[in-house]
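# Observations on the model geometry
Here is what each chain is made of, one letter per residue.
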Amino acid sequence: MRIQNNPLLDTLYTPVLSDVYGNLLLSDNHLTALEITSLSAVQGQLNIKNNSGISTLSLPDLTSLDDQLNIRSNDLLNIIDIPQLTTMTHFLDISYNPTLTSIEIPLLTSISNSCSIRENIYLVDLHLTTLSTIGFDLNITGNNSLTDLDNLYAITSIGRNLNISNNTQLSTNDVDALITNIGTTNIIGAIVNTGNAP
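About the cut-offs
Residues numbered from 1 in each chain as written. Predicted model: local features only at pLDDT ≥ 70, side-chain atom pairs only at ≥ 80, totals over all residues. Heavy atoms only, no water. Helix = DSSP H or I, 4+ residues; strand = E, 2+ residues; numbered from the N terminus. Salt bridge = Lys/Arg side-chain N within 4 Å of Asp/Glu carboxyl O. Buried < 20%, exposed > 50% of the residue type's maximum accessible area, 1.4 Å probe, protein only.

Before going further, it helps to examine unusual backbone geometry. Backbone geometry places Asn50, a non-glycine residue, at a positive phi of 55 degrees. If you trace the backbone, Asn50 turns up in the loop between strand S7 (46-49) and strand S8 (56-58). Backbone geometry places Asn166, a non-glycine residue, at a positive phi of 60 degrees. Structurally, Asn166 can be placed in the loop between strand S21 (162-165) and helix H1 (172-182).

Set out below in structure tokens:
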């Protein structure tokens, strides 16, 4: 399902859409109102990118996603709220959303590929409170308003690299504390903690 390149599309209302068998792409629209509140499962990718007007992304019934979740370059996006999502079979990428302040995905327990939270310069609240396993990399970079990692302390294993860098309000000590909590033996690849606050 593809809704793309509609510069005059400002409202998308799908109150009974519950399942998508394949990918769901919302890209390059002028959305200011997005309501897909009954969506419970996507058997493919969910890509939401380059939508210039949307301020809140709320998916209250989404519980399963069989591929990647990619939320990128949405100029006015302020809040991401996906309260029921528990597992993903690919990667999570939330990046380059210049007004994003809050990510709320509190029940997500595992990501089979990588988790990337990058260049969201006003991000303050990062709530991945039950996330325990990441199959590949954890990248948290360039989020210049992020001050703590307290809601990542459920992580117990990272299958490849940990890169937490260039977050100018996040202290190096806070990053070290998270690494200690996970345990260096439970991070299989490289560990990068650089460019953060003293």
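Right, picking up where we left off after that structure.
What follows covers the pattern of salt bridges. Applying the stated rule across the entire model yields three salt bridges. Here Arg118 makes a salt bridge to Asp93, at a shortest N to O gap of 3.2 Å. Separated by 25 residues along the polypeptide, Arg118 in strand S16 (residues 115-118) and Asp93 in strand S13 (residues 92-95) bring together distant segments of the chain. In this structure, the salt-bridge partner of Arg160 is Asp137, at a minimum N-O distance of 3.0 Å. Here the residue Arg160 occupies a position in the loop between strand S20 (157-158) and S21, and Asp137 occupies one in the loop between strand S18 (133-134) and strand S19 (138-141), the gap between them amounting to 23 residues. Residue classification places Arg160 among the partly exposed positions, given a relative accessible area of 38%. Relative accessible area serves as the criterion here: at 11%, Asp137 is assigned to the buried category. Here the salt bridges share partners, and the residues they tie into one network are Arg72, Asp93 and Arg118.

Distances and angles like these do not, on their own, reveal function.
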